[in-house]
Number of protein chains: 4
Amino acid sequence: MSTFGTHFRVTTYGESHCLSVGCIVDGVPPGMELTEADIQPQMTRRRPGQSAITTPRNEKDKVEIQSGTEFGVTLGTPIGMRVMNENQRPKDYGNSTMDLYPRPSHADWTYLEKYGVKASSGGGRSSARETIGRVAAGAIAEKYLKLAHGIEIVAFTSSVGHEQLYPATADHPTPSTNPEFLKLIDEITREKVDEFLPVRCPDEQANDRMADLIAKYKQKEDSIGGNVTCVIRNVPSGLGEPCFDKMEAKLAHAMLSIPATKGFEIGSGFGGTRVPGSIHNDPFIVAPAPTGSAAASGAARAGIPRPRLTTKTNNSGGIQGGITNGAHIYFTVGFKPAATIGQSQATATYNETEGVLEAKGRHDPCVVPRAIPIVEAMAALVIMDALMAQNARQATRSLLPPLPNVISVQAAKRADEAAREEQQTINVETKN
Amino acid sequence: MSTFGTHFRVTTYGESHCLSVGCIVDGVPPGMELTEADIQPQMTRRRPGQSAITTPRNEKDKVEIQSGTEFGVTLGTPIGMRVMNENQRPKDYGNSTMDLYPRPSHADWTYLEKYGVKASSGGGRSSARETIGRVAAGAIAEKYLKLAHGIEIVAFTSSVGHEQLYPATADHPTPSTNPEFLKLIDEITREKVDEFLPVRCPDEQANDRMADLIAKYKQKEDSIGGNVTCVIRNVPSGLGEPCFDKMEAKLAHAMLSIPATKGFEIGSGFGGTRVPGSIHNDPFIVAPAPTGSAAASGAARAGIPRPRLTTKTNNSGGIQGGITNGAHIYFTVGFKPAATIGQSQATATYNETEGVLEAKGRHDPCVVPRAIPIVEAMAALVIMDALMAQNARQATRSLLPPLPNVISVQAAKRADEAAREEQQTINVETKN
Amino acid sequence: MSTFGTHFRVTTYGESHCLSVGCIVDGVPPGMELTEADIQPQMTRRRPGQSAITTPRNEKDKVEIQSGTEFGVTLGTPIGMRVMNENQRPKDYGNSTMDLYPRPSHADWTYLEKYGVKASSGGGRSSARETIGRVAAGAIAEKYLKLAHGIEIVAFTSSVGHEQLYPATADHPTPSTNPEFLKLIDEITREKVDEFLPVRCPDEQANDRMADLIAKYKQKEDSIGGNVTCVIRNVPSGLGEPCFDKMEAKLAHAMLSIPATKGFEIGSGFGGTRVPGSIHNDPFIVAPAPTGSAAASGAARAGIPRPRLTTKTNNSGGIQGGITNGAHIYFTVGFKPAATIGQSQATATYNETEGVLEAKGRHDPCVVPRAIPIVEAMAALVIMDALMAQNARQATRSLLPPLPNVISVQAAKRADEAAREEQQTINVETKN
Amino acid sequence: MSTFGTHFRVTTYGESHCLSVGCIVDGVPPGMELTEADIQPQMTRRRPGQSAITTPRNEKDKVEIQSGTEFGVTLGTPIGMRVMNENQRPKDYGNSTMDLYPRPSHADWTYLEKYGVKASSGGGRSSARETIGRVAAGAIAEKYLKLAHGIEIVAFTSSVGHEQLYPATADHPTPSTNPEFLKLIDEITREKVDEFLPVRCPDEQANDRMADLIAKYKQKEDSIGGNVTCVIRNVPSGLGEPCFDKMEAKLAHAMLSIPATKGFEIGSGFGGTRVPGSIHNDPFIVAPAPTGSAAASGAARAGIPRPRLTTKTNNSGGIQGGITNGAHIYFTVGFKPAATIGQSQATATYNETEGVLEAKGRHDPCVVPRAIPIVEAMAALVIMDALMAQNARQATRSLLPPLPNVISVQAAKRADEAAREEQQTINVETKN
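Residues numbered from 1 in each chain as written. Chains lettered and ligands numbered in written order. Predicted model: local features only at pLDDT ≥ 70, side-chain atom pairs only at ≥ 80, totals over all residues.

## As for the overall build of chain A
Which entries qualify depends on this criterion: Each helix corresponds to a stretch of at least 4 residues labelled H or I by DSSP, and each strand to a stretch of at least 2 residues labelled E; elements are numbered beginning at the N terminus. Here the contact rule is simple: place C-beta atoms from the backbone, and any two residues whose C-beta atoms are within 7 Å are in contact.
When you go through chain A residue by residue, the secondary structure sums to 15 helices and 18 strands. Put simply, of all contacts in chain A between residues at least 6 apart along the chain, 73% involve residues at least 24 apart.

Structure, rendered in structure tokens:
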């Protein structure tokens, strides 16, 4: 179904060739300032036509709030949003060749198998325009997360084809052990990423190599894939539900729901499978005091503490046992080469006849740069939903009488002091 | 929450140190033969203690059906299942050192941050025993899928540390273009995989190298990660919901919910991001007639056709636009090195005091081989749920009057014949 | 949350004073003819201003489909629908008196307690306009149900104040034992109901008495409540989920979610609690062959049989054990007197000051007649969702191999024949 | 499906003749003292065999916690609970007559229509034993609600057949305007109700009349229905979701999911439909300071205020616009006469043969008294789930910056003072 989230719930509608696309966002906290101006920037970052490398179609994508706010403030009721489809039936689709062939690696064939009805765009909702509702909803979540917890979500292009920002090395089979990578995710901002338009790889040399590679494939009327890496800073600890709804499981779900994705890695990722436990384990250290947006957040104002411990390394990617520990969450998403290419392709018609298909029109040779705000939006939706689930639990618990025999944080402290002497003895033993 | 699935819904309970672990499976089709004998084999494959390489603890894990069947036949009502915990409080946990330190890269710290209560096992439900309910539920789904559609789900170890079954090469940055890999997933069976116990890599040489690597880490009281690859054969076309609940998104969710996972790849995966669209796209060809278990399935008996087209290559991994196309679904899941290692680790106590932790007891140096039935179970749950969603849609649709102006499969055929001449002209053009 | 249903899922948005109200309907079967013309009639029946008795405001309520259809046929994707709000800030609200007082028995106070933000209409979504999305979604469900199963849903006014269509008598403490009532629900149509506009009580004398009573309260600037009774004919057997989601539980949920409702009765209802089991129990009889819309439905064309048994009486209201038995479902919903009255009311301000509130403007003295299409819409949503759940189960089961030892309908028949002799003996005994 | 609730989620399993019945309760707040002793009392109140009037079967119904607690304290993880079935196949069922006939007004026929498999108890889960899991889960919710908010839930028998505790009169067509009724629901306790065992009607004369009526029907081997009324005191304001999940809609859903229920009324109920708005509307008054369990609750300790306003009358039953206002919630549930009666019944076999069925065994002539703890349990589950939803919203909102232009309670106060003079003028006018 076209719904995502339990507490902060987004439902979207719309194909490429219908009247409009849009969404309903339910569960938005009441009393937050919100206008279209909060939403439009990410809509625009998602928009095609930002440079020569991306597709030259010129969509407008003006979002219009239908409900759920008054005088620029949220009411707590569902927020309806709508974006008109301007080119409701472009001539590049619907010609007789396209109608005869299911496009290879598109959704034309599978939509017909699923629904038994053929939409004029072929793959119905498997269109880039379907992501508009996600980005609009994500922008609302992002606004809240920034205000309440100083949460910052920044995605960037980390590879195009074989060109990688941090290639695996013998020392660093995963970027998660690479200090340069760790520094980057500590500091990167959206403004910095957008200095590297249209590729959005925040390293001048890598960005240039990627741009050249994309241009090469464009010239051949071919396409190429790549990776987006995303960091989420200042997430509270304790988010994510054990068992089926671990934080990384929800992030993976969210990311693999974006069109054209092929893979997801949390923290050290696949590279981390090659590192021994003695290196991969993240030892605990005392957490530094919060600074920046975390220190200026609503949570800080309300006296809600950040976790007292953090980890020295962060191969876990900010998640342990499916639950956030307060360290940076970071992950990488792989995108396949765009399926629509200008080259002719030998394939078969719906009617099982072999033939050759040539797609007309101008197409993105690489979808990775445009995917960045979509990755950020889906990340925001996951964090927001998990935050509200944890808020429900904590607020509910907070009214229970304190129990003397619960090994709570405070009880652990007291026990710890009592056991300090014993511990020193143990430490001596374990060091021998 | 501890619930997975909408139509075939699994809810689990249980920590390592409570009375029992178990689950309720709701939505099981009525009228299917089912006894504990259908479930126990996968429980036993999951069980530790199968060889020197895995942990020597000797658990029994006898599953007991509580409800939902009579005379060995399902009633359609929820099936309760229970497995007793035998070692309810092993002495290795709970000693004073373990109680002072949150174990690095375990869930001890995050569970305390989340719940404010410390379970004696540290990370509450983030225990290998939590997966028992999944495997039991998965076995029920698997039985149905085999009977109704001849679906076969087989997982195997595809890497341990740097030892890989199909390492990336310049020609094959992804195994999905490697004919050897494609042949393997076409033929592999669970029986074959279990010939390679305890590592479960179905290639003698790779299996030996992996066994040696695990032994090496075991000796160092260290641990190592690895990958599991899983293939699902004979899946009907049309499964998976567009937008948020794409088939690959649900699989990613399911897999990343398994403890210790770090990544997920569908089809060509991250390697596929390095291949141009002209190679990555999967052209359509006429599908061969079904054989084997698909031909002997309930669907075949009922005259439900397999798709008329399939793809020549399968970089898509059987999924296009989030919807299955009938080709093999295959994916890879990365597992981190086990967090519990015998080596001492410099870290901090709950009370922010630096110290050194040494874990006692015997632990798995590599969790990958035991994860195989868990991966299979979660895959079965995802497919079963998506199948029932699609069954609801198709059965509902089937009672509508046929429409002359719907471009259905049949209509497309007729249009195609009428347009054959035009098409031949076009083919000539597009070849020029 | 503003979502209803699992398989046929409706999400609504909109307050009275925002830009538009609308909904997204997910799960609509593909391949069904659908245009605004299918939806508008029920929108219009819901519309105020149909007579002197209902409120004279003249809303237009033109529904506009945004997505999910092409060339007048459903695609299977979500259907977005929108209705503009024309009078976005009527002058009757927002005057200083209204802003000072929470209106008695309105949602002004509870919305403020819940959200901490005051919408200009007071009770945010607790507005009659919120029901527009329900009626639009219900019209889609109704179209399907009629085509596929010949299902007919007809609601009518059964009481206004103390004026009742079938008052309880000593013989008939519940209408369910009253032959006149049973005949009415067998035959009633929407066309017939609308002959009795504006009250919509399909009995000339009762209708007149009710109209007089409403006029009396209107003159006093007061209001009065009443009941709507609804019948659903030709529902397939087997719908409704045991335990928590019994058919009557879902209907009760749906009906009590309509603004201003106070009660729900299924079948014999509260009157049925006064009748002994020997009368209340519905004995089984052989079902007659289907006629009318059931005989002309898609299900009939597909050879799907109606149940072989039905009940002689129908105190159950077509539901036993939470599951439909194929007999008419009927239920009654109670509506309170409209809270907005012209009379002055002694009450207190938000600021805890006692005072007197006088509501201006023209208001419905009785909401019952307008509620009729809303009751029908919610009934359609419940049936549609339950039907799809059952379709998922049956279609899934249909591919299992037949089992010799299942006591299926067929097995029961064979057993029955074998036991016929024994039975005759028993019958003789039990009659003695 | 067998799941109830979103945040506090109960999943049950079990038929009458399987190994055990039980449930999993997910979402229980961590850090609450909980043992079987908290749960058993309501289990025992539900148990048959408490007197000559109820059925003489002697079940034990000992609940056993499987998981989710340690040292008598909740961990926050799912709580598994189990109760053994002792009489797994009683001889009264399964004799040849019972196997031939679907019992009138039982679920035998509809279960067979739904599942196509016949359980030995006929109606599978439509058994009184299915309610065990509900009562166990409800007891956990009740414990929390009492500790955190001083919430008290008390149900009692309000009618048996035509014998009513507060019969409708011309003055009081609904008990909600009857001062005696209002006093009763203000003061009634479970201890008081149980003084009137076995009927549980807390008025000596009415109780005796009801006992006599039940005895009369018992003697005739017949059965009779009745009503349960339930009050919930000290509920916080702001609970219940607008639109589809109004508080009364969830309560109606919960109550109509209890076996044998026929109707639901909130507040004034159907009687309220006969009262004019000028009487039915509940004017606001200043709320008195909380006393009793509300004053001693966790919320009071935490300084969370009770609402400043309440209503003078309470025809609304504590809910306005679907949202609680802090006043007592009260509702009535109708139960039909038990379907199993000793009298012979003329009906038809599964095989469409007319005949006469005589049920053997001893049966409850009236299920109403035993239903009381089930009604209380379901009420607790509804309130608990709504409370957690509201806690999520409020806790999330609490970290937003305060907004000057929000018409909050405080802003309303200031506006109120400014407008006081104008208001006085208006009051003068409206009184004229």
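Additional details are given in the paragraphs that follow.
## Things to note about the interface of chain D and chain C
Note the following rule: Here the term charged refers only to Asp, Glu, Lys and Arg, the term nonpolar to Ala, Val, Leu, Ile, Met, Phe, Trp, Tyr, Cys and Pro, and the term polar to all other amino acids, Gly among them. When DSSP finds two or more bridges between two strands, those strands count as paired.
Between chain D and chain C, the residue contacts involve 123 residues of the former and 123 residues of the latter. Of the residues belonging to the side of chain D that touches chain C, the class tally is 46 nonpolar, 52 polar and 25 charged. Relative to strand β11 (residues 261-266) of chain D, strand β11 (residues 261-266) of chain C runs antiparallel, the two sharing three bridges. Following the sheet pairing, E265 of chain C is matched in β11 of chain D by G263 of chain D.

## With respect to the relation of the copies chain D and chain C
We apply this condition: The copies were overlaid with a least-squares fit restricted to C-alpha atoms from residues scoring a pLDDT of at least 70 in each copy.
For the pair chain D and chain C, the relating rotation is 180°, the translation along its axis is 0.0 Å, and the fit reaches an RMSD of 0.0 Å. Expressed as a symmetry operation, the mapping of one chain copy onto the other fits a two-fold axis. Across chain D, the smallest distance between a C-alpha and the rotation axis is recorded for H253 of chain D, namely 2.3 Å. Of the residues that chain D buries at the interface, 100% are likewise interface residues in chain C, meaning the two copies contact each other through the same surface.

## Examining the interface of chain B and chain D
Of the residues lining the interface, 34 residues belong to chain B; the matching set on chain D comes to 34 residues. At the level of secondary structure, the elements contributing two or more residues to the side of chain B that touches chain D comprise β2 (9-13) and β3 (20-26) of chain B. Broken down by element, the residue count for the side of chain B that touches chain D peaks at five residues, all from β3 of chain B. A per-class count over the side of chain B that touches chain D returns 13 nonpolar, 16 polar and five charged.

## Examining the sheet that holds strand β7 (residues 79-84) of chain C
Residue and element names in this part refer to chain C. Rules: Interaxial angle, 0 to 180 degrees, is taken between N-to-C directions of lines fitted to C-alpha atoms, where a helix line uses only the stretch in contact.
The strand order β1-β2-β3-β7-β4 describes an open sheet built from five strands, whose pairing is antiparallel. Each end of this open sheet is capped by a strand with a single partner; those strands are β1 (3-4) and β4 (64-65). With five bridges connecting them, strand β2 (residues 9-13) and strand β3 (residues 20-26) associate as antiparallel partners. Across the sheet, the residue bridging to V10 is V25, located in β3. Contacting β2, β3 and β7, helix α4 (residues 131-149) runs over the sheet at an angle of about 35° to β3.

## Focus: helix α1 (residues 36-46) of chain D
Residue and element names in this part refer to chain D. Selection rule: Burial is judged by counting other C-beta atoms within 10 Å of a residue's own C-beta: 20 or more means buried, 12 or fewer means exposed, and anything between counts as partly exposed, with every C-beta placed from the backbone. Each direction from the helix axis to a C-beta atom contributes to the arc, which is the arc of those directions.
Turning to α1, its buried residues number three or more, namely I39, Q42, M43, R45 and R46. In a view along the axis of α1, the buried residues occupy a sector of 160°, so they form one face of it. Those residues of α1 that are buried are in contact with α4 (131-149) and α13 (368-397).

## Here we look at the relation of the copies chain B and chain D
Mapping chain B onto chain D calls for a rotation angle of 180° and an axial translation of 0.0 Å; the resulting RMSD is 0.0 Å. Of all interface residues in chain B, 100% are interface residues in chain D too; the two copies therefore contact each other through one and the same surface.

## Considering the sheet that holds strand β4 (residues 64-65) of chain D
Strand pairing in a sheet relies on backbone hydrogen bonds, with the paired strands running either antiparallel or parallel. Residue and element names in this part refer to chain D. Taken in spatial order, the five strands of this open sheet run β1-β2-β3-β7-β4, and their pairing is antiparallel. What marks the edges here is a single partner per strand, and that holds for β1 (3-4) and β4. Pairing of β1 with strand β2 (residues 9-13) involves two bridges; the strand directions are antiparallel. Residue pairing in the sheet places T3 in a bridge with T11 of β2. Contacts from α4 reach β2, β3 (20-26) and β7 (79-84), with the element oriented near 35° to β3.

## Quick look at the packing of α4 of chain D against α13 of chain D
Residue and element names in this part refer to chain D. Quick reminder of the rule: The scheme is simple: roughly parallel for angles under 35 degrees, roughly antiparallel for over 145, roughly perpendicular for 65 to 115, oblique for anything else. A clockwise turn of the near helix away from the far one marks a right-handed crossing, whereas an anticlockwise turn of less than a right angle marks a left-handed crossing.
With their axes 7 Å apart at the nearest point, α4 and α13 run at an angle of 55° to one another. By the angle between their axes, α4 is oblique relative to α13. Considering how the two elements wind past one another, α4 and α13 form a crossing that is left-handed. When α4 is examined against α13, the residues T131, R134, V135, A137, G138, A139, A141, E142, Y144 and L145 are found in contact with a partner set consisting of P373, I374, E376, A377, M378, A380, L381, I383 and M384. The class makeup of the residues in the contact of α4 with α13 is 14 nonpolar, two polar and three charged.

## Considering the packing of helix α8 (residues 247-256) of chain A against helix α8 (residues 247-256) of chain B
Between α8 of chain A and α8 of chain B, the least distance of the axes is 7 Å, while the angle of their chain directions is 165°. As summarised for this structure, α8 of chain A and α8 of chain B are arranged roughly antiparallel, according to the angle between their axes. When you trace α8 of chain A past α8 of chain B, the crossing you get is right-handed. When α8 of chain A is examined against α8 of chain B, the residues E248, A249, A252, H253 and L256 of chain A are found in contact with a partner set consisting of E248, A249, A252, H253 and L256 of chain B.

## Some words on unusual backbone geometry
Residue L197 of chain A is joined to P198 of chain A through a cis peptide bond whose omega torsion reads 0°. If you trace the backbone, P198 of chain A turns up in the loop between α6 (190-194) and α7 (204-219). For S105 of chain B, which is not glycine, the phi dihedral falls at a positive 60°. Owing to 30 C-beta atoms within 10 Å, S105 of chain B belongs among the buried residues under this scheme.

## Thoughts on the environment of P288 of chain A
Structurally, P288 of chain A can be placed in the loop between β12 (284-286) and α11 (292-295). For the pair P288 of chain A and L309 of chain A, spaced 21 residues apart in sequence, the C-alpha to C-alpha distance is 8.4 Å.

## A short note on the confidence of the model for chain A
Interpretation of the predicted coordinates at a detailed level should be avoided for regions scoring low in pLDDT. Let me state the cut-off plainly: pLDDT measures how confident the predictor is about each residue, on a scale from 0 to 100.
Averaged over all residues, the pLDDT of chain A equals 89, while 86% of them reach at least 70. With pLDDT under 50 throughout, residues 55-59 of chain A is counted as low confidence; its partners more than four residues away or in other chains account for 14 contacts.

## As for the environment of Q42 of chain A
Residue and element names in this part refer to chain A. Topologically, Q42 is positioned in helix α1 (residues 36-46). Between the alpha carbons of Q42 and G138 there is a distance of 8.8 Å; along the sequence they are 96 residues apart. Contacts of Q42, omitting those with residues within four sequence positions, involve V135, G138, A139, P373 and A377.

## Points about the environment of N234 of chain B
All names here are of chain B. Mapped onto the secondary structure, N234 falls in the loop between β10 (226-233) and α8. With 114 residues separating them along the chain, N234 and A348 place their C-alpha atoms 51 Å apart. Look past the residues within four positions of N234 in its chain and what remains in contact with it is H149, G150, I151, E152, S293 and A294.

## Focus on the pairing of β7 of chain D
All names here are of chain D. With respect to burial, β7 is a largely interior element, five of its six residues being buried. Note: β3 against β7, six bridges, orientation antiparallel. Bridge pairing in β7 links G22 to R82. Here β4 runs beside β7; their pairing, made up of two bridges, is antiparallel. Residue pairing in the sheet places E64 in a bridge with R82 of β7.

## What to know about the pairing of strand β18 (residues 354-358) of chain A
All names here are of chain A. Alternating positions in β18 separate cleanly, G355 and L357 being buried on one face and E354, V356 and E358 remaining unburied on the opposite face. Inspection of the sheet shows strand β17 (residues 344-348) paired to β18 by five bridges, in the antiparallel sense. Directly across from T347, in β18, lies its bridge partner G355.

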